[in-house]
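Spelled out from the first residue to the last, the chains are:
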Amino acid sequence: MDEENKKFFNITDYFSSIEIGNNFFSFWEEINEELVELNKISEAIEKKTTSGNWQINTFEQMLIIRENYQKFIAKLKFSDKIFSYKVDNYKVDNLLLNVEYDEIIVANQFYLTNLEKHLLKQMTNVTMYYQIPPQILDTENLTMDHTFSAEMLTNIRTKKITEIRTSDNFSMTCSLFEQIQQNAPKAIIDFRFAKQSYSSFFSRDKFIANSSKSFTITSVYKFFYNIRKILENIIYRNNLHLIPLHIFLEAIIADDFIKYFCDDAEHTKEDITNYLYYLIEFDYQYIDLELKFLDVSKLEKESVTVLDKIMQFIVKAHNLKSMVDFNSFIANFHLENIITGTEADYSNLKEIFAQIKSDFAILDKLGIVNNWQKIFNHKKFAANVMKLFLDYMKAKTLRENLSEKRRLGITSLQDTRNLQYSKVFVLNVTEGILPPKRKVPFLLSENQRKILGLKTFEDIRLREKYYFYRLVAQSQEIVLFSNENEDENKEVSSFAEELRLHFDDIYKLINKLKFSFHNVYETYLGNNQLEVPKITNIEQFHKINFEQNYDIPDKKINLSFYKWRDLKENPFIYYMHHQMQIKERPKEIKPDFSSKFMGNLTHEIFTLIWQRIIELYQGNKIHHNFLNTNQNYVDDALKHIFSQNKEMIYKIPYNYSTKYFNHIFLPILKKGIMGFFSFLHNNLDLSDKYITIFPETNKTSNCFLGKVNDFTVYLRGKADMRIESDKQKYIFDYKTGSNSSSKKKSFEEQLLMYEQIYYLAHKEELSQAVKSYLYFVEKQENHEIKYTKKKPKEQVIEEFKQQILQVIENMTTNGFVLGEKTLKYEPLDITRRDLKRK
């Protein structure tokens, strides 16, 4: 490509040229196969006006690239078949030199290119067999009439057609296994078996699929795929090479990745995975190649050794600077460390990988590329050359050499072209799979392709229809498995619907209910004399009975606010989180400042400011003007946090989020913190008065709440800030994020707990002297718990205490059950006037 070509196709590097490269070669190969003259393409394009004449301009660029490519390979003394596709080069006398034959037979070849037709017409003694009604075959042009339908099927062998219609792939697969147990077929047809997720359920001991599989399913490809992702995402900051934690975690949890670096892979994988989630819990975004992030006390010694090996391997890959380096790196790769037993014993993976390494080594010696650094960004050379290596692997196929003895074959539709069956099963007879989805062709429209004699979507559709109906007609009994699901926009194949209309006397439709996982598991467990509990509803399944000796062995319950909230809303989740210490791990780790990070940062700034004020007055008793609190206090606190806390290197996402954080969030945060001191001055009138302050500490306070049966209940917690004057006690809790009404309502209970813990559990008479506030920092809004004459504070506190004790008593009686489902959206405040308007 010259600069004009690159600009036209928006090519910025090697990898952005791959798509246009594939389209380029596929296009010219098809044009030559169909013997289309270049001037005919120009004529077809010029007849249609397109926006910006993009078709004409694209075709002109394709011609320029074609000419430049031909000159380039000619200089290197190479050739390409796309330049030899000419009618004169395909004379039968030249092609069949020294080949003796009595007859050439072509069977069930539905579509023939113009080049194939040209050659067949030159040959003698050619016999073509079709299992198709003769009226739809044009013997002169060797084409099919598009009016072909199920109505035309005559003299068929079919005695019975059964369609089993399900709602999803799991149910479809279960139905298939159920049918196989009743009466196994001679074969199973699946249009894209290897690409279907359910293919992993099919045991190799029982089934044999197409022996040719994509190399991308191998352990070797997956290993290098993860290495490439890590290399691609490494950044250099603060003299460290940082890897995004979520990228590294994906590699660790991937099948067989750790296996390359150690023997006890499963145990080490679990240990390292747990450690990485521990880092995520503490807001880590990155880890470093230098392993300075390690807190060895959290990892077993063997795991640290494995992590060191992984990082050394990545460092070697990251330091590759040339194709010679890369080939040496791959040559020293220990395939035996990663290859699975099945791959080693029952496939040709070793031979294919050896060939890949050899081909890649030769690639550098061909001289086609003089400067690999120029083609690949030198700063990302290792990642880019690894991507090239993976792309080369993608084109390879793996052959399995498993024995076919006593195994049920799974094959594709086109492989059945010349076969007959007594009984056959066909999976996924669903629209979009049979027939396939329409794809937008490159450059030419469907109409233009038809004018030029190229294969159209209708040709593809008719081909699939022909092979499918031929299979039906040549099978005595056929069972179709289909999916129909409105929610997922799935519907039964139109081919099957047409069969049902025309062969209603032998066509039987069975609608299967959705298979439950419970029923399937029960079937398997039954063989092991195990039973699945008879459960009538999901609520019973998610229930754990209360066992006092096990759940509360010391006869004491300590409830923090967050424990109380979980217990009240969902006792089952409470049990998982707090009794079993099992917490749901995040499904996605976003490279962003988490809400937890923002909250912790805010609390830390407040703590440092209060410490500074305490130092100023040499104690907790102060006489301070809060309105004059210096803005520098906030800046100094931030500077201290980011300079003294070395972990911050790993917690800052080095992307657009940092700009948002620095330029938008921090100014709002600073303003909100200063707003709190203004609130103390203006609203609470606490400036220039003798008060005692109690900032948050690491110490947690508790108080006795009451008794349930024979065990005691305690409340635990630590307030963000308390201030005491002669007559008043104040409790504050800082909040970041939303200040919605539902959030305020929820956290009022947290303040009630703090009031109990610090004051009211000891002196109930202080209830009117204690005031509690939520302070929403970004919004500079304070929220005080409000009471009314109808429901005074003493009553609210008593009801709250009784509610806690009642929930705990329910827990002892009913066990840890699922909570009620809550609405997705918070409740709206709707007045009578709103309802009247509606």
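The structure presented is a predicted model; accordingly, all values stated were derived computationally and were not measured.

To continue, consider the packing of aromatic side chains. The full count for this structure, using the stated rule, is 80 aromatic pairs. Between Phe-27 and Phe-442, the aromatic rings sit 6.1 Å apart at their centres with planes inclined by 80°, giving edge-to-face as the arrangement. Of this pair, Phe-27 sits in helix α2 (residues 18–33) while Phe-442 sits in the loop between β14 (421–426) and α17 (446–452), placing them 415 residues apart in sequence. Residue Phe-442 is classed as partly exposed on the basis of its relative accessible area, which comes to 23%. Between the aromatic rings of Phe-326 and Phe-360, the centroid separation amounts to 5.6 Å while the plane-to-plane angle is 55°, which identifies the pairing as tilted. Here the residue Phe-326 occupies a position in helix α12 (residues 323–331), and Phe-360 occupies one in helix α14 (residues 349–365), the gap between them amounting to 34 residues. Phe-326 sits in the buried class, given a relative accessible area of 0%. A residue is classified by how much of its surface remains accessible, and Phe-360, at 2% relative accessible area, is buried. A cation over a ring is seen here: Lys-455 above Tyr-111, with NZ or CZ 4.8 Å from the ring centre.

Scored by pLDDT, the protein has a mean of 87; 91% of the residues are at 70 or more. Note on residues 823–827: pLDDT is under 50 here. Beyond four places in sequence and across chains, it has 3 contacts.

Looking now at the nonpolar core. By size, the foremost hydrophobic cluster in this structure holds 77 residues, and its most contacted members are Phe-224, Phe-248, Phe-293 and Ile-314. With 9 residues, helix α16 (residues 381–394) is the largest single contributor of residues to this core. Among all residues touching Phe-224, those that are not within four sequence positions of it are Ile-330, Phe-333, Phe-353, Met-386, Phe-389, Leu-390 and Met-393.

A few words now on the environment of Tyr-286. The residue Tyr-286 is located in strand β11 (residues 286–288) in this model. For the pair formed by Tyr-286 and Ile-247, sequence separation is 39 residues and the distance between their alpha carbons is 9.2 Å. Excluding residues that lie within four positions of it along the chain, Tyr-286 makes contacts with Ile-235, Leu-242, Ile-243, Pro-244, Leu-245, Tyr-650, Ile-652, Pro-653 and Tyr-654. A polar atom in the side chain of Tyr-286 sits 3.2 Å from the backbone nitrogen of Tyr-654.

Procedures and definitions
- Residues numbered from 1 in each chain as written.
- Predicted model: local features only at pLDDT ≥ 70, side-chain atom pairs only at ≥ 80, totals over all residues.
- Heavy atoms only, no water.
- Phe/Tyr/Trp six-rings, centres within 6.5 Å; stacked < 30°, edge-to-face > 60°.
- Helix = DSSP H or I, 4+ residues; strand = E, 2+ residues; numbered from the N terminus.
- Buried < 20%, exposed > 50% of the residue type's maximum accessible area, 1.4 Å probe, protein only.
- Lys NZ or Arg CZ within 6 Å of the ring centre and 35° of its normal.
- pLDDT = per-residue confidence, 0-100.
- Contact = heavy atoms within 4.5 Å.
- Core = buried A, V, L, I, M, F, W, Y, C linked by side-chain atoms within 4.5 Å.
- Polar contact = N/O pair within 3.5 Å; in protein donor to acceptor, adjacent residues only side chain to side chain.

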